[in-house]
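# Observations on the model geometry
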Amino acid sequence: MADSKHVIYTAEAHVTGGRADGHGRSSDGALEVQLRAPEEMGGSGGGTNPEQLFAVGYAACFESALGAVGRRLSQEVGDVAIDSKVMLLPTEDRAYKLGVALAVSLPSVDDPDQAVELVRAAHKVCPYSNATRGNIDISLSANGRPVEQTSVPVTAQ
C-alpha cells in the first residue's frame, strides 16, 4: 500500500454478486451500477461489466494525462476524443488477461508526428498506463496513426 501521506485520492466502492449478477456502488453514491455478464459470454446482459467500466476509466484518465502533457509542453490539445476497447482474452493456462486499444482523436493537432508524440508522452504519465505497463497488451493510435511502443500491441476487433 502506498504511503498514506502521499495519496492524492482514494476511490472506494462496494460490490456484491460479482460480474454475473452483481451490484456496485461508490462510497459517495455518485456511481451505482448493476453488473451483468454480457450476452457474448453467455450472460443476460442488461447491465454493465468490469471491462466496460475499465474502458471508460482508462479513456477518461488517458484524456486527463493528455491535458497534463499538453500543459507541460505548452501545447493546446483542444477537444480530445478517445474510443477505447477492453478485450477479455483467455491464456494458455486457462486464466484470463486483458488487452486494451485506445484510439485517440486530437482534431486540434494538425501535425501527425506531434499527435503521436503527445499520445506517447501521455502513455508515460497516465496512472492506468503505469499500472498496466508490462501486464497487458496495449495498442495506441493518434489521429488514425499507430503509436509505437515497447510491448506487442493487441489487434482490436
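Use the structure listed above.
This section reports on the structure supplied with the text. (Residues numbered from 1 in each chain as written. Predicted model: local features only at pLDDT ≥ 70, side-chain atom pairs only at ≥ 80, totals over all residues. Heavy atoms only, no water.)

### A closer look at the sheet that holds strand β4 (residues 81-90)
What counts is decided by this rule: Note on pairing: two strands pair once DSSP finds at least 2 bridges between them. The numbering of helices and of strands both runs from the N terminus, where a helix is a DSSP run of H or I of at least 4 residues and a strand a run of E of at least 2. In this analysis, axes come from line fits to C-alpha atoms, helices being fitted only over the stretch in contact, and the angle between any two N-to-C directions falls in the range 0 to 180 degrees. Contacts between residues were defined by any pair of non-hydrogen atoms, one from each residue, lying within 4.5 Å.
The strand order across the open sheet formed by four strands is β4-β5-β6-β7, and the pairing between neighbours is mixed. The outermost strands of the open sheet, each flanked by one partner alone, are β4 and β7 (145-147). Put simply, the sheet's adjacent strands are angled 20 degrees from each other on average, direction ignored. Seen against the sheet, helix α1 (residues 50-72) touches β4, β5 (96-105) and β6 (137-142) and runs at an angle of roughly 140 degrees to β4.

### Details of the environment of Val104
To keep things clear, this is the line we draw: Burial here depends on accessible area, computed with a 1.4 Å probe over protein chains only, as a share of the maximum for the residue type. Under 20% is buried, over 50% is exposed, and the range in between is partly exposed.
In this fold, Val104 is placed in strand β5. Overall, Val104 belongs to the buried group, its relative accessible area being 2%. Those residues in contact with Val104 that lie beyond four places of it in its chain are Phe62, Leu66, Val80, Ala81, Ile82, Val119, Ser141, Ala142 and Asn143.

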